[in-house]
Every structure is written in structure tokens, then in C-alpha cells.
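# Examining the three-dimensional arrangement
Each chain, letter by letter, is given below.
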Amino acid sequence: MSKVLVSDPIDQAGIDILSQVATVDVKTGLKSAELIEIIGDYDALMIRSGTRVTEEIIEAGTQLKIIGRAGVGVDNVDVPAATRKGIVVVNSPEGNTIAAAEHALAMMLSLSRHIPDANASVKRGEWDRKTFVGAEVYKKTIGIVGLGKIGSHVAAVAKAMGMKLLAYDPFISNERAEQIGCQLVDLDLLMQQADYITLHIPKTPETTHLINAKTLAKMKPTARIINCARGGIIDEAALAAAIKEGKIAGAALDVFESEPLGESDLRSLGKEAILTPHLGASTTEAQVNVAIDVAEQIRDVLLGLPARSAVNIPGLGPDVLEELKPYMQLAETLGNLVGQLAGGRVETLTVRLQGELATNKSQPLVVASLKGLLHQALRERVNYVNANIEAKERGIRVIETRDASVRDYAGSLRLEATGTLGTHSVTGALLGEKEIHLTDVDGFPINVPPSKHMVFTLHRDMPGIIGKLGSLLGSFNVNIASMQVGRKIVRGDAVMALSIDDPLPDGILAEITKVQGIRDAYTVTL
Ligand SMILES: NC(=O)c1ccc[n+]([C@@H]2O[C@H](COP(=O)([O-])OP(=O)(O)OC[C@H]3O[C@@H](n4cnc5c(N)ncnc54)[C@H](O)[C@@H]3O)[C@@H](O)[C@H]2O)c1
Ligand SMILES: O=C(O)CC[C@@H](O)C(=O)O
């Protein structure tokens, strides 16, 4: 049975799902060295923001197949190191969107009405109504930095509260911003005009210290800033100084450059600053959502199925996966088949999307084809994550083409492999949406479902040849399950596809090629 390590607190709903397919150990609060010591025993690691998965940990995780982040941000995982090792990294892109957006909005209202400090003063026995006079958000301007999932929800609620909406997000179109009711502006203008600035961007080299002494200086002295995205997007020292010097009115932070927050000037600030210990995703609902979302993906990957929200599989979002899943299985099967027909080292793989398939994203199908192609060489070491890298390292050139005019089947996929021993091609389609059929081998039309053990021959179409091959295989106790011949012209060249019950015993392939009229024979195991 597989083993899963859960190294941060995860909702029981997730543990229950993992337990369907694995032994689950929950060990929270491990130091890095402790994690390195035990990670080698596990097939999967499930984390929240508390575990930093470094390259060293990934190197020590010799059995690891998947790292699941029960949340959005994967900045605590060395994703490139995981990709190099073929480890799938998954997250829950939407499970805590509402929780994080509501936390940011709660921070905004708490800042404007001094709720935390007013509450503390009443609990101390005071009744001070003058100190805590607040400001309304109605008709004020909110500047949203990052108009993605969380930023958009903040926008919708802020709009309902009667706020004017500005947004800065260089990757969002004006049309999308308009739909949300936001005016897209540059960062400078947003910093100058907004009464409340709220950050909803990932932490990247470009966004690190995006908010610094210079940008803070552009804010109105009455303006406040909220960060429920990632620590390090704001320069904390510059922020503390700006508040102390009265250059801005306040800040609310849920995330910090270093967590837990240690010694910091931020902690000495008064009611102008609200600090929470990374609580954005901490609602019962969000924790159930992310735990189920990520645990299901870990379960699927451990069962050999693809994950719906892998961050390191190119082009494979949940929507794409849903649509292309059966075609990815087709691509993998064809890749495996053409790789075995090609025999030697493959130098070029041409992937052609035909018919209706031609309008789809090709990248996931290319990855699946390469996974199949490399299966004979790498077995379980190749997966959707590292297939591209492995192919590149082997010098395999990939050519992608499309031909929407092919209409034999609704959609079909043709793979052609050229290598040291020549060129072979296979085409396949889905019948009844899921059933894979081979529709062409080396240019000869056939229509057979692939089976585990197969023999293909290239022969002359002449009387008696099928009988001779059948007798030969029978004399070696090889049972034929099905057989089909594909030819272009009568008595010309033809291809025979046989499904056999067991692997072809050693030495028989050579015997097959001795049959008069048979030029070539191949055996494959899929
Ligand atoms: N505090 C928490 O507990 C908590 C919970 C959930 C998410 N988060 C964090 O919130 C952030 C946003 O999450 P999301 O789900 O909305 O992500 P998202 O990917 O849906 O949206 C991010 C947006 O930021 C934009 N963006 C990227 N780089 C930018 C840049 N340089 N300048 C301006 N915009 C830029 C993108 O175009 C995108 O629209 C992430 O950092 C995530 O880790 C925090
Ligand atoms: O695990 C958490 O509680 C925080 C999650 C949050 O930061 C995220 O990026 O999803």
C-alpha cells in the first residue's frame, strides 16, 4: 500500500480520502532535518503553508510521486526541483478563494473602524468612544492589485458596498476588468488615488518588494494598505516607517516576510496596524474544500491517474484535463506503440491533431505522447511532469501539426516516429468517446482496439499468408485473439495486426519474417 505523509494540519475529510488508497501518517511541526530523515519512505507529501519543501527534501524523497499543497500558493515548494525529479505538484486553486477574499475585506473594515483595538479596550474595562472614530468605505476608492480569483471577489463585494474600483493587473484585459466593474490603471495611479489598497498577487521576483518606500510615498496620508497575499510583496521596514511617520494611515497584514513573525517594528504599531497570523484560508469551509481537493488529486495520482490541478504539467488545467483526458490516454497508447515499432533511438516525433481534435490544445497531447514513447526506456520514471524534459535530454525533436480537414473520425491523432531504424506512424481515434481504436499503421487503414500483446506484420497481400502465419503461431502455442488486415490495393502491400493472449516467445519474430511474403514483423506490449 502507498504511504502518504501529512506534515501540516489538514481537515479530516482529506485524511479520509487518502486513507482509501494509502497508509496516512500525520506528523506536523517537523524540522527540516527530521523531514529529510523520513521522507524517503513516502509516496506522497501533503502540506499547507507550514512546511517548506526544499530541494534537499525533494532529493531525499526517493519514492515521492506527488506533493499536494492544500491551498493556492506553492511558493513554499521548490517546484523546479520537483519537476526535474518527475514529482507532480498539485494545489487547490479555488478552495480558499472566498475565505481569503473575505479576510481581506474584514481587514479593510476592521482598519477603517479600529475594531481590534476598540474590542481590546472594552475588554480592559474602558469605554472610549473618541479614540475609535472611524471612516466609511462607501464612495471611497479601493485599489486592487491582482485581479485574479481573490481580487475579483473582493471587487464584487467592494462594488456592492458602494466603493469605486481601480485595479492594477498587467495580465488582465480591459474587457475582463470592465466585466468585474473595475477600471484598469497603472500601479502609480492606483497608489496615488486609492483610499484602500489590497494586494492579491503571487510572490514572484517581479512582485517582491513591489510595495516599497518609493511606492508607499505615492499613497495619500489617509490611505491604508492590506496584504492577504504573500509576505515579502511589501517591504515591511519601509511600511512600518511610513505608518510611524504618518505618511499613510495604516496597514493590515495577514502574511509576512518571515513566518511566524519574529521581532519586527510592525509589532510596536498602534491601532493603525492590524496583524493576523496567516489566517486568510482559515475557515472551516475553506479547509474542508482544500483538503478534499488536494487529497482527491493525491489519491488519483497514486492510482496512476492524472491530477486536475497540477502546477508543473504544462497546459493541463482542470478544464483542459476534463476535455482531453480520453485523448491523453489515446496519445499515450499511440506513443508507446510507435516507439516500439520504431525500435531504435527516436530522433523526431511528429504529433498531428486531426479533425475536431485540431482545434484543441496540443501541449497536453504532446506530453502524453512523449510519456508513451519513453515508456519502454524509462517505465514508471517518466510521467506527465518530466516527459518533456526527458525527451529534450534525449535529443528528441517534437513537431506539432494540425489538419482539421481529416474527417474519417470526429477527431484523431497521428504520431510519426523517425529514428535510427526508420520511420513508423500510427493513427488512433476514440469510438464512443472513450474506446481507443487504431485506425492506421504505417499508412495502412485498419480498425482494431489495441491490446496488451500485439504482433504487426508488413507483408504482400496474397492467398494463404494469413493461414501460414496462424499455423506458425499455433505451432508455438501462441493463441490469436483477433486479427485484421489493412491494405490500400488488392494484392499490394498490407499490414496485419494480431492481438495475442500472451507475450510472443523469444525467437518467433525471426521465424515470422521467414514466412514467404512477410517483409517485416514487430511485436509490442502495451
Ligand atoms: N492569506 C492567505 O491565507 C491566502 C489564501 C489564499 C491565497 N493567498 C494568496 O493570494 C494571492 C492571490 O491568489 P489568487 O487565487 O487570487 O491567484 P490568481 O492567480 O487567481 O490571481 C493572481 C493575479 O495576480 C496577477 N498578477 C501576477 N503578477 C502580477 C504583477 N506583477 N502585478 C499585478 N498583478 C499580477 C495575475 O494576472 C492574476 O490575475 C496568491 O499569492 C495566493 O498565494 C493567500
Ligand atoms: O495553508 C494555509 O492556511 C494558507 C494558504 C494560503 O496561503 C494559500 O496560498 O492558499
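Residues numbered from 1 in each chain as written. Chains lettered and ligands numbered in written order. Predicted model: local features only at pLDDT ≥ 70, side-chain atom pairs only at ≥ 80, totals over all residues. Heavy atoms only, no water.

Identification of the protein chain as D-3-phosphoglycerate dehydrogenase from Nostoc cycadae WK-1 is taken from an unreviewed UniProt entry. Recorded under Pathway (unreviewed entry), the UniProt text for the protein chain is reproduced unchanged: "Amino-acid biosynthesis; L-serine biosynthesis; L-serine from 3-phospho-D-glycerate: step 1/3." Regarding the protein chain, the relevant UniProt record gives this comment under Function (unreviewed entry): "Catalyzes the reversible oxidation of 3-phospho-D-glycerate to 3-phosphonooxypyruvate, the first step of the phosphorylated L-serine biosynthesis pathway. Also catalyzes the reversible oxidation of 2-hydroxyglutarate to 2-oxoglutarate." (UniProt positions renumbered as here; feature names shortened; annotations may be inferred.)

Of the two faces of strand β18 (residues 444–448), only the one carrying Phe 444, Ile 446 and Val 448 is buried; Pro 445 and Asn 447 on the other face are not. Between strand β17 (residues 435–441) and β18, which pair antiparallel and follow one another directly, the connecting turn spans two residues, one of which, Asp 442, has a positive phi of 50°. (Buried < 20%, exposed > 50% of the residue type's maximum accessible area, 1.4 Å probe, protein only. Helix = DSSP H or I, 4+ residues; strand = E, 2+ residues; numbered from the N terminus. Pairing = 2+ DSSP bridges.)

This paragraph deals with the packing of helix α5 (residues 97–113) against helix α7 (residues 149–160). Where α5 meets α7, the closest approach of the two axes is 9 Å, and the angle between their N-to-C directions is 50°. Here α7 runs oblique to α5, going by the angle between their axes. α5 and α7 meet at a crossing whose hand is right-handed. Residue-level contacts link Thr 97, Ile 98, Ala 100, Ala 101, Ala 104 and Leu 105 of α5 to Lys 149, Ile 150, His 153, Val 154 and Val 157 of α7. Residues belonging to the contact of α5 with α7 are distributed by class as follows: eight nonpolar, two polar and one charged. (Axes fitted to C-alpha atoms, helices over the stretch in contact; angles between N-to-C directions. Parallel < 35°, antiparallel > 145°, perpendicular 65-115°, else oblique. Left-handed = near helix turned anticlockwise from the far one by under 90°. Contact = heavy atoms within 4.5 Å. Nonpolar A, V, L, I, M, F, W, Y, C, P; charged D, E, K, R; others polar.)

Let us look at empty space enclosed by the protein. Summed over all chains, the structure comprises one cavity of 30 Å³ or more. There is about 30 Å³ of room inside the largest cavity. Residue composition of the lining of the largest cavity, grouped by class: six nonpolar, one polar and one charged. Counting the residues that make up the lining of the largest cavity, at least three belong to each of domain 3 (314–450) and domain 4 (451–525). (1 Å grid on protein atoms, 1.4 Å probe; cavity = no way out; pocket = protein on both sides within 12 Å on 5 of 7 lines; lining within 4 Å. Points joined across faces, edges and corners; volume = space filled by probe spheres on them. Domains from an automatic or database assignment.)

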